[in-house]
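# Structure at a glance
Chain by chain, the residues run as shown.
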Amino acid sequence: MENEVLVKNETEYTYDRYLNLNKFNMYSAKKGSFIILIVSICVIFLCGIFMILLGQYSNAILYLVLSVIFTIFIFTLPKLQTKKIFNSDEILKENIKNTFEFYNDKIDIKNKKSSSTLEYKDLYKAYETKDTFYLYLNRIQVLMVSKDEFEIGDSEVLRKLLSEKLGKKYISKI
């Protein structure tokens, strides 16, 4: 049946979900950027070690301190971003609940402020993690579908549906 709901899910968008999204974006979805940052930190650290070997201790301290600061920054950035977003957006503070209804040919999304319909071809990418499906509308906009909030179907049904509809645009990270 074309109009049958295959999967229904109601996901509440909380601070913790956004924090997990920001971590995912930084460490998994945009892995290339993260690798470049880590390599850069390693180069700075090795420059510090090299300065010690050359006897230039003040330069060595500068490089080593910079590598520590950048390391701390990289691993605290998702939390800082999430706090900034939540402190500046009154709508997010309300913990909006999105209801997702997945059909064979479309996805209906509803919350107390709006509703919309997407076709699968409109999705840029979809990622699956151990606890969430991230549906990217483009490189920035993301819908989160929690794996523990299914009313109809389950994560296995949604996994098969997204894999079938999106092909290589569906990526499993579990």
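Everything discussed here concerns the structure shown above.
Thresholds applied
Residues numbered from 1 in each chain as written. Predicted model: local features only at pLDDT ≥ 70, side-chain atom pairs only at ≥ 80, totals over all residues. Heavy atoms only, no water. Pairing = 2+ DSSP bridges. Helix = DSSP H or I, 4+ residues; strand = E, 2+ residues; numbered from the N terminus. Axes fitted to C-alpha atoms, helices over the stretch in contact; angles between N-to-C directions. Buried < 20%, exposed > 50% of the residue type's maximum accessible area, 1.4 Å probe, protein only. Patch = residues over 30% accessible without salt bridge, like charges linked within 9 Å, V, L, I, M, F, W, Y side chains within 5 Å. Areas by Shrake-Rupley, 256 points an atom, 1.4 Å probe, with all protein chains shown as cover. Salt bridge = Lys/Arg side-chain N within 4 Å of Asp/Glu carboxyl O. 1 Å grid on protein atoms, 1.4 Å probe; cavity = no way out; pocket = protein on both sides within 12 Å on 5 of 7 lines; lining within 4 Å. Points joined across faces, edges and corners; volume = space filled by probe spheres on them. Nonpolar A, V, L, I, M, F, W, Y, C, P; charged D, E, K, R; others polar.

Turning our attention to the sheet that holds strand E5 (residues 125-128). Taking strand neighbours across the sheet as the criterion, the four strands line up as E7-E6-E5-E9 in an open arrangement whose pairing is mixed. With one partner strand each, in any of the chains shown, strand E7 (142-146) and strand E9 (170-172) form the two edges of the open sheet. On average, each strand axis in the sheet is tilted by 15 degrees relative to the strand beside it, whichever way the strands run. Pairing of E5 with strand E6 (residues 132-136), which is carried by four bridges, proceeds in the antiparallel orientation. What sits directly across from Ala126, in E6, is Leu135.

Of all six residues in strand E2 (residues 97-102), five are buried, a share of seventy percent or more. Pairing analysis gives six bridges linking strand E1 (residues 7-12) to E2, with the strands arranged antiparallel. When the bridges of E2 are listed, Glu12 appears paired with Lys97. Linking two consecutive strands that pair antiparallel, namely E2 and strand E3 (residues 107-110), is a turn of four residues.

The next subject is a nonpolar patch on the surface. A cluster of nonpolar side chains, namely Phe45, Leu46, Ile49, Phe50, Ile52, Leu53, Leu54 and Tyr57, defines an oily patch on the protein surface of about 820 Å² accessible area. With seven residues, helix H2 (residues 31-54) is the single largest residue contributor to the nonpolar patch. Structurally, the position occupied by Ile49 is in helix H2.

Our focus in this paragraph is the layout of surface pockets. Estimated volume of the largest pocket: approximately 850 Å³. What lines the largest pocket is a set of 33 residues, and nearest its centre among them are Tyr18, Leu21, Ile140, Gln141 and Val142. With five residues, helix H1 (residues 15-29) is the largest single contributor of residues to the lining of the largest pocket. Taken together, the residues of the lining of the largest pocket sort by class into 17 nonpolar, ten polar and six charged.

Strand order in the open sheet made by the five strands is E4-E3-E2-E1-E8, with antiparallel pairing throughout. At either end of the open sheet lies a strand with only one pairing partner, and these are strand E4 (115-118) and strand E8 (150-152). Along the sheet, successive strands turn relative to each other by an average axial angle of 20 degrees, direction set aside. Sheet topology places E2 next to E3; four bridges connect them, and they run antiparallel. Counted as the bridge partner of Glu101 is Asp108 from E3.

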